[in-house]
Amino acid sequence: MNITINSKEFVKALQVGGAFACKNKLLPILDCVKIKVVNNRMTIGSSDKENAISKKVDIIECDSEGNFCVNYKDLYSYVSLVKSDNIKLSIDESMVEIIHDKGSIKIPKEPTDEFPSLKIGENTTDITIPSYVLNNWIVDGTSFVATDELRPIMCTLYVYSKDGEIGCCASDAQSLYTGSIEYNCNNFEFNINRASFSAILGATKSSDDINIKIGERNVLFSSSDVSVIAQKPEGKFVNFKSVIPSDNNITITVNKNDLISAINRCRLGASHISSVLKLDVKGMNLDVSSEDIDFNKKSVENLIVDSTGDIEIGMKYENMVRALGIVNTENVIIEMSSPNRPAIIKESEGEDNKLALIMPCML
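Remember, it's a predicted structure, so these values are computed and weren't measured experimentally.

### Describing unusual backbone geometry
Backbone phi values are negative for most residues with the exception of glycine, while trans is the configuration of most peptide bonds. At Cys-22, a position not held by glycine, the phi torsion is positive, near 65°. Inspection of the secondary structure assignment puts Cys-22 in the loop between helix H1 (7–17) and strand E2 (32–38). Among the residues examined, Cys-22 registers a relative accessible area of 14% and is labelled buried. Look at Asn-40: it is not a glycine, yet its phi comes out positive at around 60°.

Dropping the structure here:
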């Protein structure tokens, strides 16, 4: 089989289609990508046995159809250095030869029957949502996902549909992120494992909408030319809505960039052990301060805010910066009620129904 393809398009397709290659060290075949050619289109796929991705790309010319496996690092490392406009792949029974204007290389071909195949199953729940929605959920939620291997279900992004909305949640027990959009469909819930985040982001960039098929064990995310199958982790996600307070009576509105700058300066005076900042709201003044008694350091920053009450509350600066990262408006709203209850951070305007929740610290 002989294939001619644009070198730049081939490299881009390998970057996407090889997302899961070389991730599983137990099966050598998973160091490969599987390449399939049908109807003048090439499909490049990879897997880590729990997740899989495939990317379609047009080819210039092909004299037959078929499929083969080849080591991803060997293939990508070589073709990414090729300067020719087009390259040719010549495949025989045992080798894959990559030919360009200046030279060539031969790489062993691996058997395709050893390459794992993940399937979605027949009984699925199918939905279609705007790609940017899922993209934003993953981008915003990634930093909130837990890393505790003893609670694998918390190392995921939870996605649900209920009461006329589709939403998501990620939490590490100290902070929480949630977002949602209005959407009428059947109720469902599933969790996206962390290992598949970057691959799904690649799928969301391929088209305006993304199709989701929810099976019993796997979830399929597909766009115009990229498909990702992600294994659903076992377990039940926490009832996150029960911890979001609805009676916070103190609201402050402050410029987001000014607050981030104040936090970044104040963190230099905070204890490296506790990393706690104190937020002291009195009238229109917000004092952000930190102190490290062991090294005799102290820092204070003053900001002008709109406030509906006075409060002193402690927050870890990592959680504050993470929560402010989801805000895309000039001003940010912080809602609180007491020093020992969660604070809510959200945008001051706009249609995005998202918020971050932060657990306070003892001062």
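### Considerations on the packing of helix H5 (residues 256–266) against helix H6 (residues 317–324)
Relative orientation of the contacting elements H5 and H6 amounts to 155°, with a least axis distance of 11 Å. Regarding the angle of H5 to H6, the classification is roughly antiparallel. In this structure, H5 crosses over H6, and the sense of that crossing is left-handed. Along the contact surface, H5 presents Lys-256, Leu-259, Ile-260, Ile-263 and Asn-264, while H6 presents Tyr-317, Met-320, Val-321 and Leu-324.

### Thoughts on the sheet that holds strand E11 (residues 156–162)
As summarised here, the arrangement of the 9 strands in space is E14-E11-E12-E13-E26-E25-E24-E18-E22, forming an open sheet in which the pairing is antiparallel. Among the strands making up the open sheet, the edge pair consists of strand E14 (188–193) and strand E22 (306–307). Note that strand E12 (residues 165–171) and strand E13 (residues 175–182) share 7 bridges and pair antiparallel. Bridged to Glu-165 within E13 is Glu-182. Against the sheet, H5 makes contact with strand E18 (250–255) and strand E24 (331–336), and its axis sits at roughly 90° relative to E18, the strand it touches most.

What counts, and at which threshold
Residues numbered from 1 in each chain as written. Predicted model: local features only at pLDDT ≥ 70, side-chain atom pairs only at ≥ 80, totals over all residues. Heavy atoms only, no water. Helix = DSSP H or I, 4+ residues; strand = E, 2+ residues; numbered from the N terminus. Buried < 20%, exposed > 50% of the residue type's maximum accessible area, 1.4 Å probe, protein only. Axes fitted to C-alpha atoms, helices over the stretch in contact; angles between N-to-C directions. Parallel < 35°, antiparallel > 145°, perpendicular 65-115°, else oblique. Left-handed = near helix turned anticlockwise from the far one by under 90°. Contact = heavy atoms within 4.5 Å. Pairing = 2+ DSSP bridges.

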